[in-house]
Number of protein chains: 2
Amino acid sequence: MAQQHPDVRHPGAPYADARPLDAGAPYADARPLDAGAPYADARPLDAGVPAPVLTAYLRAQGAEFLRALAAWAGGGPAQGGEADAAPVLRGTARRIGATLHTFHGAFDPAWSTGLRRELAWFSGTLAQERLHAATLRRLQAALQEPQGDLGTARAAALLERRLTLARGRAHSAVLEALGSARFHALADAVALLGGDVPLRGGAAVEPQDLASATEQQLADAVTALPAEPETGPCPVPPGDGDAAWHQVRSLLRLHRYALEALGLPVPSRLTAAARTLDRHRDAAEAASVAADAARTPRIAPATAYALGNLHAHQRHEALAARRAFHRTWQSVPRSRNTVTVP
Amino acid sequence: MAQQHPDVRHPGAPYADARPLDAGAPYADARPLDAGAPYADARPLDAGVPAPVLTAYLRAQGAEFLRALAAWAGGGPAQGGEADAAPVLRGTARRIGATLHTFHGAFDPAWSTGLRRELAWFSGTLAQERLHAATLRRLQAALQEPQGDLGTARAAALLERRLTLARGRAHSAVLEALGSARFHALADAVALLGGDVPLRGGAAVEPQDLASATEQQLADAVTALPAEPETGPCPVPPGDGDAAWHQVRSLLRLHRYALEALGLPVPSRLTAAARTLDRHRDAAEAASVAADAARTPRIAPATAYALGNLHAHQRHEALAARRAFHRTWQSVPRSRNTVTVP
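Residues numbered from 1 in each chain as written. Chains lettered and ligands numbered in written order. Predicted model: local features only at pLDDT ≥ 70, side-chain atom pairs only at ≥ 80, totals over all residues. Heavy atoms only, no water.

- Looking up chain A in an unreviewed UniProt entry gives the name CHAD domain-containing protein, with the organism given as Streptomyces chilikensis.

Right, dumping it as structure tokens:
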């Protein structure tokens with residue numbers, strides 16, 4: 001099971017041995033996302049009947065995953081390499097995992113649970129590096145204005161050192177993961193999505209019902225969010241109530257991927273709402289990094305002062321993102337927001 | 001001219017010797033502010049014709065000023081004393097000064113310029129104490145939440161020490177001013193508003209034209225304000241562009257007092273807009289105080305960090321007040337906002 005794949009960092013190394021699907025070949029039979037195409041075949045599943053829409057979606061995502069993996073392994077800078085491949089690997093791993101999660105009733109439980117766990121591990125490893133890079137960019141942007149303040153320059157240098165180090169460590173973790181037996185087993189499992197997907201035996205399951213359950217969880221989580229005050233006390237405590245927001249972000253992602261998997265259009269306002277939650281997560285993370293940096297031993301008070309400014313500013317950015325989410329969400333028509341097959 | 005008034009700090013000292021107006025007696029003939037009463041007598045002024053509306057307004061404000069001064073001098077805690085009298089002294093001094101400024105063409109120039117300067121000195125002295133007290137309250141409110149952060153408690157203690165000291169100094173300056181020959185000359189001049197107000201000789205002047213000039217200055221200053229971005233870089237530099245906002249606040253106050261002096265109603269939305277500018281000023285001042293406190297030698301980095309948070313938070317509060325002003329201002333109908341005698 002755990003074949004020894006060539007080191008993916010070696011340019012030109014073919015990544016063919018884990019692919020019953022030809023990563024470079026067009027995958028004309030695996031395109032369930034033609035917008036507007038009716039998806040009349042998203043019908044009840046039962047033991048004997050495959051779920052054509054879902055399996056086609058998984059197959060297409062699996063092919064994309066393997067294609068990106070080959071590009072990373074084989075691509076020099078001219079082909080984009082890591083920078084282009086990493087987001088595709090992350091996105092396809094998340095989509096496959098989300099599909100197995102939302103439509104869990106349609107698949108063999110042991111198989112889907114195991115594959116989801118491994119996909120979560122791998123996409124989580126990739127996400128760490130991206131998050132550190134994004135946080136560094138965000139904090140540099142916040143500090144780039146000429147401030148005429150020595151503390152600001154020192155704070156920027158301190159944050160850059162810390163985040164560059166963290167990103168470097170995260171990158172090493174990604175490379176280590178890619179070279180591991182665990183990843184090779186995962187790549188094999190993804191490759192097998194090109195063949196028959198193990199379905200659950202037993203009673204019939206409506207994919208729409210499963211997708212609607214996710215949507216209902218999302219709606220409930222949004223309703224449970226506290227209203228954001230226009231002003232308030234100084235937001236010194238880091239991460240006040242962030243967890244509930246991150247949960248809504250995860251549920252909204254599951255909902256969007258479920259619509260995708262069923263071949264339904266994703267309303268643009270859902271995408272816009274998701275972007276406000278990304279901004280919220282990034283600002284919350286940046287605030288947390290500024291607060292952590294302020295605990296560095298022996299920093300100058302001026303540096304700590306600049307980090308305090310930065311922290312509060314990012315918390316306000318998070319607050320602004322929360323308000324933007326509420327505005328966007330209220331504009332999402334509930335009828336468009338319901339999973340129904342056209 | 002500079003009579004020696006009794007020390008106003010001495011409880012029970014009567015303050016009668018500077019009052020041709022009886023501060024305790026009702027002043028039925030000096031009430032130009034009956035809302036809704038038509039002010040048909042706000043007519044062109046000329047050398048021979050007194051300006052009944054303006055002189056009645058000055059007389060009423062002067063009487064209020066003297067009444068508050070007597071309350072301060074004579075009042076124990078039961079009567080309210082300083083706490084009740086100071087805002088009235090400040091408000092009436094500002095109104096008299098604003099009237100002399102806006103309708104300068106109606107009054108004897110040497111007299112009105114001199115009295116305005118002395119009123120500005122005295123109301124400015126009173127305002128300092130109020131501002132320190134308000135800033136302390138604002139910063140304590142911002143820091144009152146349980147933060148679980150030693151830096152926050154230290155920052156609160158540092159700010160309290162600094163602002164209590166500053167308020168104490170400002171209070172001493174007020175008492176010193178009240179006991180000065182300069183103030184006694186001012187009180188005499190205010191008392192003389194009960195008699196004939198020195199008018200300017202020469203050409204006829206329309207009070208409405210003078211009030212409209214102030215209103216136009218206000219409109220121009222508002223138009224020149226920069227738009228506030230929803231988000232932006234970390235607002236570390238203190239007081240970015242505050243001066244233009246403080247200028248609008250002063251002009252709006254002049255405009256409101258001009259409407260009052262002419263006996264015209266002050267639209268509630270102008271009052272609301274003024275409150276947003278007060279909030280802006282208070283938040284800007286609090287941010288500036290937090291920034292100054294962070295320059296205290298030998299403070300702990302945790303204290304500086306908490307002060308940085310506080311600074312950025314108050315700058316965001318100032319930004320929120322700017323946005324609130326723009327929203328309120330846009331809702332002020334221009335037709336209601338024009339000085340016209342009904």
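### As for the overall build of chain A
Move 1: In terms of regular secondary structure, chain A is built from 9 helices and 0 strands.
Move 2: If you list the helices and strands of chain A from N to C, you get α-α-α-α-α-α-α-α-α.
Move 3: Burial status across chain A gives 51% buried among its 342 residues.
Move 4: Taking the intrachain contacts of chain A between residues at least 6 apart in sequence as the baseline, contacts between residues at least 24 apart amount to 82%.
Move 5: In the structure as shown, chain A presents an accessible area of about 15,000 Å², 55% of it carried by carbon and sulfur atoms. (Helix = DSSP H or I, 4+ residues; strand = E, 2+ residues; numbered from the N terminus. Buried < 20%, exposed > 50% of the residue type's maximum accessible area, 1.4 Å probe, protein only. Contact = heavy atoms within 4.5 Å. Areas by Shrake-Rupley, 256 points an atom, 1.4 Å probe, with all protein chains shown as cover.)

### Quick notes on the confidence of the model for chain A
One rule of thumb: low pLDDT means the predicted coordinates there are not for detailed reading.
Move 1: Looking at chain A, the pLDDT average stands at 81 and 75% of residues meet or exceed 70.
Move 2: Here residues 1-50 of chain A is modelled with pLDDT under 50, and outside its nearest four sequence neighbours on either side it reaches 101 contacts, counting other chains as well. (pLDDT = per-residue confidence, 0-100.)

### A word on the packing of aromatic side chains
Residue and element names in this part refer to chain A.
Move 1: Applying the stated criterion across every chain, the model contains 14 aromatic pairs over all chains.
Move 2: Centre to centre, the rings of Phe65 and Phe183 are 6.4 Å apart; their planes meet at 40°, and the pair counts as tilted. Here Phe65, found in helix 1 (residues 52-74), pairs with Phe183, found in helix 5 (residues 181-191); they are 118 residues apart in sequence, far enough to count as distant. For the pair formed by Phe65 and Phe183, the shared burial category is buried.
Move 3: The structure contains a cluster of three or more aromatic residues connected by ring pairs, namely Phe65, Trp121, Phe122 and Phe183.
Move 4: The lysine or arginine in question, Arg182, covers the ring of Trp121, its NZ or CZ lying 4.2 Å from the ring centre. (Phe/Tyr/Trp six-rings, centres within 6.5 Å; stacked < 30°, edge-to-face > 60°. Lys NZ or Arg CZ within 6 Å of the ring centre and 35° of its normal.)

### Some remarks on helix 9 (residues 301-330) of chain A
Move 1: With 30 residues, helix 9 of chain A should reach 44 Å at 1.5 Å per residue; the first-to-last C-alpha distance of 43 Å fits that figure.
Move 2: Taking burial as the measure, the 30 residues of helix 9 of chain A include 25 buried ones, the bulk of the element. (Expected span 1.5 Å × (residues − 1).)

### Describing the environment of Trp121 of chain B
All names here are of chain B.
Move 1: Here Trp121 is to be found in helix 3 (residues 109-143).
Move 2: For Trp121, a relative accessible area of 22% corresponds to the partly exposed category.
Move 3: Considering only alpha carbons, one finds Trp121 and Arg182, 61 residues apart in sequence, at a separation of 10.0 Å.
Move 4: In contact with Trp121, other than residues within four places in its own chain, are Ala177, Ser180, Arg182 and Phe183.

### Concerning the packing of helix 7 (residues 242-261) of chain B against helix 9 (residues 301-330) of chain B
Residues and elements named next belong to chain B.
Move 1: Taken N-terminus to C-terminus, the directions of helix 7 and helix 9 make an angle of 45°; their axes are 12 Å apart at the nearest point. Judged on the interaxial angle alone, helix 9 and helix 7 are oblique. As helix 7 packs across helix 9, the resulting crossing turns out to be left-handed. Contacts from Asp242, Trp245, Val248 and Leu252 of helix 7 reach helix 9 at Arg315, Arg322, Phe325, His326 and Trp329. (Axes fitted to C-alpha atoms, helices over the stretch in contact; angles between N-to-C directions. Parallel < 35°, antiparallel > 145°, perpendicular 65-115°, else oblique. Left-handed = near helix turned anticlockwise from the far one by under 90°.)

### Examining the pattern of salt bridges
Move 1: A full pass over the atoms with the stated rule returns 22 salt bridges over all chains.
Move 2: One salt bridge in this structure joins Glu118 of chain A and Arg182 of chain A, with 2.6 Å as the shortest N-O distance. With Glu118 of chain A in helix 3 (residues 109-143) and Arg182 of chain A in helix 5, this pair connects stretches of sequence that are 64 residues apart.
Move 3: Judged by relative accessible area, which is 14%, Glu118 of chain A ranks as buried.
Move 4: Residue classification places Arg182 of chain A among the partly exposed residues on the basis of a relative accessible area of 36%.
Move 5: One salt bridge in this structure joins Asp242 of chain B and Arg322 of chain B, with 2.7 Å as the shortest N-O distance. One end of the pair, Asp242 of chain B, is in helix 7; the other, Arg322 of chain B, is in helix 9, and 80 residues separate them in sequence. Of the two residues, Asp242 of chain B and Arg322 of chain B, neither departs from the other in class, the shared state being buried. (Salt bridge = Lys/Arg side-chain N within 4 Å of Asp/Glu carboxyl O.)

### Things to note about the environment of Asp282 of chain A
Residues and elements named next belong to chain A.
Move 1: Along the chain, Asp282 falls in helix 8 (residues 268-294).
Move 2: Residue classification places Asp282 among the buried residues on the basis of a relative accessible area of 16%.
Move 3: For the pair formed by Asp282 and Arg138, sequence separation is 144 residues and the distance between their alpha carbons is 8.0 Å.

### A word on the packing of helix 1 (residues 52-74) of chain B against helix 7 of chain B
Residues and elements named next belong to chain B.
Move 1: Running from N to C, helix 1 and helix 7 cross one another at 110°; their axes reach a closest spacing of 9 Å. Comparing the axis directions of helix 1 and helix 7 gives the class roughly perpendicular. Facing helix 1, whose interface residues are Val53, Leu54, Tyr57 and Gln61, helix 7 presents Tyr257, Glu260 and Ala261.

### Observations concerning the side chain of Arg281 of chain B
All names here are of chain B.
Move 1: As for its placement among the helices and strands, Arg281 is situated in helix 8 (residues 268-293).
Move 2: Residue class for Arg281 comes out buried when judged on its relative accessible area of 17%.
Move 3: At 3.2 Å, the side chain of Arg281 forms a polar contact with the side chain of Asp282.
Move 4: Not counting the four nearest positions on each side in its chain, Arg281 is found in contact with Arg130, Leu131, His246 and Arg249. (Polar contact = N/O pair within 3.5 Å; in protein donor to acceptor, adjacent residues only side chain to side chain.)

### Details of unusual backbone geometry
Move 1: Residue Arg298 of chain A is not a glycine yet carries a positive backbone phi of 65°.
Move 2: Following the sequence through the fold, Arg298 of chain A ends up in the loop between helix 8 and helix 9.

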